[in-house]
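If you want the building blocks of each chain, they are given just below.
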Amino acid sequence: MKIFDKHSIRYQITKITTLYALILILITTFSYRIFYESFSVKKILRASEFNLQLISNVTLEKMNAIFTFSDWCANNSTILSYLSSPEGTPINFDAYERFKEEFYSSPVKNSINRAIICKQGTNQDTFLQILTSDSESASIYDANTIFDSLHLDSRQLPKQPTLLGLIRDPLSPDQKSFSFIQNITLFNGKSVGWVYISVPEKLIIDSVMDYETSINNRLFFQLNNTSYEINNDKIQEIHLNFEAKKRYHDIAYHSETVMEKVSLPTEKQSAIYVSCPVSKGDLSFFQLITDTSSDSSEYFYYFILLFSLITVVLLTIFVLISLNHSIVKPVHEIKKKISAISDGDFEFSKNIEGKSELGQIGCGINIMSRKIQELIQNKLLTEKQKLDLELQILHNQINPHFLYNTLNSIRLMAILQNATGIPEMTTALSHLLKSITKNTAYLIPLKDELNLLQDYFLIERYRYSGSINLKIKVQDDKLQDGLVPKMMLQPLIENSIFHGIEPKGIQGFIDVTIAPKNNTDFTITILDNGIGIPTDKLSTLLSTDTKDSDSVHIGLTNVHMRIKYHFGERYGLEIESQEMEYTKIIITLPYQKEVTTDEIINCR
């Protein structure tokens, strides 16, 4: 197919879509340049994110220093020795000196008001405390005062340094400070104390010192679900209530940054919300940017956008009408192919393939059809292997029963006839056993199966002292080359003798006739003059659903199912009988000299 063929689907789609895109680009570009490009939301959002990220990093650096100092207090061996000492032990001044030395050598010395290390337990009047010069007037003599102000259960103290929030100082009610606390435990997990660190508000205020705010650009931070506004070097708790209207995507440099358009019901205006979290602690900084002039231009931009969308809808309708004729034929061909697949036709269809998108879909359907066909064939092959295993089990059910009867016959002959005839019987038995053990093929030529039958009947003839005669008649010698399941006839002849002729107690005969049925099939008819089979039992004799476990039912059913497994449902056994007169078994088989796996699959 030519690339620029004006009748091709590709050409029609390219021409109409290009015109459609040009019109849409002209409309959106015109509206954007006139009404919205002057207010670059993207630049404002990214600038705000950069500033908030800078504040977050400065704050995080200070918090990391505090966390590091707290971890030192919780893991120092001298401190742990002091905390794990028994009650009443005098204060270990080495622990205090080591505590003070670490504090004044740490970068947090200028950021902390108070640091306390206290033993675990109800009696918390023994503790280590360091105060900065600004907090010396707020010295305490009972650590319970601090601990109770935090409203914590001593069994739930955090194992890692944790920022609890901006809490009013119990010793200086007019001041608030950021409170950090950490549980101190031994290596076995036993809690022996806690460390408390109080940091003034300047932890945040110093971080935003150079950040300019205004009535339209307000700065906040959120700590433990409580919001605070930073304004003029002061921190004030506030209650914000805003509703997100839309979210800005693909603008932020960092995935953690949140950018949303929100409405402020209390102030009856909208704003842009930008939030950047601090990686440690439940702390985040956010900014609300309001500008009424940008709102008005944005509303007008939405009007232009709505107009553009209406235009796009009208153009889309035109495109659909124009392309309808171009896609009807390929879609119709694909539909026909799918219907054919649903009916079981998995043949390759060239009509549905092509270079267009619909042609690629058609190519995929052809590939799918081929794979389904391969899957079915693999499934059939798997089932065939499964049936082979079942046949082997069925075959093994026959052999022990036959060998038992044969050995019993040999024993009786040896006792009753002074071992006369035993050589012939053992020779026949040897032939049978050799065929069973050495020839593992399921299908053998009919002439070999008849030889096995002759060997078997020789044994039974001696057992019944010649009172039973076997006659085999082959109407067409070429049928002897046809393949049949090995040991197929033996259990049927065995049933005729043991369950038909022997109970009747007369001179018995068994006639085996092999004759062609049509050009592809032939039959083997086994007729005996035994007692026959009752009519009520005859209808269920070949059924696999019955719970009858007698040897007649097992032998006939096994042979019947083996034939069906090998050759298909058309083949198997038919039984005719009249009580006290005769029983006739008709076996229908396909005439085959060689069977391949594919032929067996096709039969199935």
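Reading guide: rules and limits
- Numbers given to residues run from 1 along each chain, matching the order in which its sequence is written.
- For this predicted model, a pLDDT threshold of at least 70 governs which residues receive local features, and a threshold of 80 or more governs which side-chain atom pairs are given and counted, while totals over whole chains, interfaces and linings are taken from all residues.
- The side-chain figures draw on all heavy atoms in the structure; neither hydrogens nor water molecules are used.
- Numbering of helices and strands runs from the N terminus; a helix is a DSSP stretch of H or I covering at least four residues, while a strand is a stretch of E covering at least two.
- In what follows, residue pairs with any heavy atoms lying within 4.5 Å of each other are defined as contacts.
- A 1.4 Å probe and the Shrake-Rupley method give the accessible areas. Residues count as covered only by the protein chains that appear here.
- Per-residue accessibility, obtained with a 1.4 Å probe over protein chains only, is compared with the maximum for each type, and a residue is labelled buried under 20%, exposed over 50%, and partly exposed between these values.
- Here a strand pair is declared whenever DSSP counts at least two bridges between the two strands.
- To obtain an axis, a line is fitted to C-alpha atoms, over the contacting stretch when the element is a helix, and the angle between two such axes runs from 0 to 180 degrees between their N-to-C directions.
- We define a nonpolar core as any set of buried Ala, Val, Leu, Ile, Met, Phe, Trp, Tyr and Cys residues linked to one another through side-chain atoms lying within 4.5 Å.
- Roughly parallel means an angle under 35 degrees; roughly antiparallel, over 145; roughly perpendicular, 65 to 115; everything else is oblique.
- Here is the rule for handedness: rotate from the far helix to the near one, and if that takes an anticlockwise turn smaller than a right angle the crossing is left-handed, while a clockwise turn gives right-handed.
- Residue polarity follows a fixed list, in which Ala, Val, Leu, Ile, Met, Phe, Trp, Tyr, Cys and Pro are nonpolar, Asp, Glu, Lys and Arg are charged, and the others, Gly among them, are polar.
- Salt bridge criterion: a side-chain nitrogen from Lys or Arg within 4 Å of a carboxyl oxygen from Asp or Glu.
- Side-chain atoms alone can form a polar contact between residues adjacent in sequence; in general such a contact is a pair of N or O atoms within 3.5 Å, and within protein one must be able to donate a hydrogen while the other accepts it.
- Take the residue count of a helix, subtract one, and multiply by 1.5 Å to get its expected span.
- The reported bend at a residue is simply the angle between two axes, fitted to the 7 residues ending at it and to the 7 residues beginning with it.
- Stacked, edge-to-face and tilted labels apply to pairs of Phe, Tyr and Trp rings (six-membered ring for Trp) whose centres lie within 6.5 Å, assigned for plane angles under 30 degrees, over 60, and everything in between, in that order.
- A score between 0 and 100, pLDDT records how confident the predictor is in each residue.

Draft legend 1. Representation of the overall build of the chain within the structure. When its secondary structure is counted, the chain shows 14 helices and 19 strands. Looking at the chain alone, contacts between residues at least 24 apart form 63% of all its contacts between residues at least 6 apart. In the form shown here, the chain has an accessible surface area of approximately 33700 Å², with 54% of it arising from carbon and sulfur atoms.

Draft legend 2. Molecular detail of the environment of Ile130. For Ile130, the location among the structural elements is in strand 2 (residues 127-131). Using a relative accessible area of 3% as the deciding quantity, one classes Ile130 as buried. Measuring from C-alpha to C-alpha, the distance between Ile130 and Phe99 comes to 8.5 Å, with 31 residues separating the pair along the chain.

Draft legend 3. Representation of the sheet that holds strand 10 (residues 258-264). Read from one edge to the other, the open sheet built from seven strands follows the order 8-7-6-12-11-10-9, with strand pairing classed as antiparallel. In this open sheet, the two edge strands, each paired with only one partner strand, are strand 8 (234-238) and strand 9 (243-247). Ignoring which end each strand starts from, the neighbouring axes of this sheet average 35 degrees apart.

Draft legend 4. The nonpolar core, seen in detail. Ranked by internal contacts, the top residues of the largest apolar core, which has 56 residues, are Phe69, Phe99, Ile117, Phe178, Phe180, Phe221 and Phe285. Ranked by residues supplied to this core, first place goes to helix 2 (residues 41-75) with 13 residues. Setting aside anything within four residues of it in sequence, one finds Phe221 in contact with Phe178, Ile204, Thr226, Ser227, Tyr228, Ile230, Ile235, Leu283, Ser284, Phe285 and Phe286. Judged by nonpolar contacts, the second largest core, of 48 residues, contains Ile444, Phe457, Ile514 and Leu556.

Draft legend 5. Structural context of the packing of helix 10 (residues 446-463) against helix 11 (residues 489-504). Following both chains from N to C, one finds helix 10 and helix 11 inclined at 25 degrees, their axes separated by 9 Å at the closest point. Classified by the angle between their axes, helix 10 and helix 11 sit roughly parallel to one another. Handedness of the helix 10/helix 11 crossing: right-handed. Contacts between helix 10 and helix 11 pair Glu449, Leu450, Leu453, Tyr456, Phe457, Glu460 and Arg463 from the former with Leu489, Gln490, Ile493, Glu494, Ile497 and Phe498 from the latter. Class assignment for the residues of the contact of helix 10 with helix 11 results in eight nonpolar, one polar and four charged.

Draft legend 6. Here's a closer look at unusual backbone geometry. One non-glycine residue, Asn224, lies in the positive phi region at around 55 degrees. Mapping Asn224 onto the fold places it in the loop between strand 6 (217-223) and strand 7 (226-231). For Met487, which is not glycine, the phi dihedral falls at a positive 60 degrees. Tracing the backbone shows Met487 in the loop between strand 15 (483-485) and helix 11. Judged by relative accessible area, Met487 falls into the buried class, the value being 2%.

Draft legend 7. Quick look at the sheet that holds strand 14 (residues 468-474). One open sheet holds the five strands; their spatial order is 14-16-17-19-18, and the pairing between them is mixed. Each having just a single partner strand, strand 14 and strand 18 (572-578) make up the two edges of the open sheet. Along the sheet, successive strands turn relative to each other by an average axial angle of 15 degrees, direction set aside. As judged from the seven bridges shared by strand 14 and strand 16 (residues 508-516), these two strands associate in the parallel manner. From the neighbouring strand, Asn469 faces strand 16, where its bridge partner is Phe509. Contacting strand 14, strand 16 and strand 17 (521-528), helix 10 crosses the sheet at an angle of about 170 degrees to strand 14.

Draft legend 8. Broad picture of the environment of Ile79. Take Ile79: it is sitting in helix 3 (residues 77-83). For the pair Ile79 and Phe99, spaced 20 residues apart in sequence, the C-alpha to C-alpha distance is 7.6 Å. If near-sequence neighbours (up to four positions away) are discounted, Ile79 is found in contact with Trp72, Cys73, Ala95, Phe99, Ile117 and Leu128.

Draft legend 9. Seen up close, the pattern of salt bridges. Counted by the stated rule, this structure contains nine salt bridges. Among the salt bridges present, the one from Glu102 reaches Arg98, with a minimum N-O distance of 3.7 Å. With a gap of four residues between them, Glu102 and Arg98 both fall in helix 4 (residues 93-105), about one helical turn apart. Between Glu383 and Lys379 there is a salt bridge, and its shortest N-O distance comes to 3.5 Å.

Draft legend 10. Geometry of the side chain of Gln287. Summarising the element assignment, Gln287 is placed in strand 12 (residues 283-289). Within the structure, the side chain of Gln287 is placed 2.3 Å from the side chain of Ser48, a separation counted as a polar contact. Excluding residues that lie within four positions of it along the chain, Gln287 makes contacts with Ser48, Leu52, Tyr211, Asn217, Arg218, Ile272, Tyr273 and Val274.

Draft legend 11. Helix 11, seen in detail. End to end, helix 11 covers 22 Å across 16 residues, agreeing with the expected 22 Å (1.5 Å per residue, within 8%). Taking the largest bend as the criterion, helix 11 deviates by roughly 30 degrees, centred on Ile497. Within helix 11, 12 of the 16 residues are buried, leaving the element largely enclosed by the surrounding structure. Every buried residue of helix 11 is listed here: Leu489, Gln490, Pro491, Leu492, Ile493, Glu494, Asn495, Ser496, Ile497, Phe498, Gly500 and Ile501. Positive backbone phi, approximately 70 degrees, marks Gly505, located one or two places after helix 11.

Draft legend 12. Broad picture of the pairing of strand 8. Note: strand 7 against strand 8, five bridges, orientation antiparallel. In the strand pairing of strand 8, Ile230 is matched with Ile235. The turn joining strand 7 and strand 8, which pair antiparallel and follow one another in sequence, is formed by two residues; a positive phi near 55 degrees is taken by Asn232.

Draft legend 13. Just the packing of aromatic side chains, in detail. In total, this model carries 14 aromatic pairs according to the counting rule given. An angle of 50 degrees between the planes, with centres 6.2 Å apart, marks the rings of Phe178 and Phe221 as tilted. Of the two residues, Phe178 sits in strand 4 (residues 176-185) while Phe221 sits in strand 6, which places them 43 residues apart along the sequence. Using a relative accessible area of 1% as the deciding quantity, one classes Phe178 as buried.

Draft legend 14. Fine view of the confidence of the model for the chain. Taken over all residues, the pLDDT of the chain has a mean of 78, while the share at 70 or more is 74%. With pLDDT under 50 throughout, residues 597-604 is counted as low confidence; its partners more than four residues away or in other chains account for 14 contacts.

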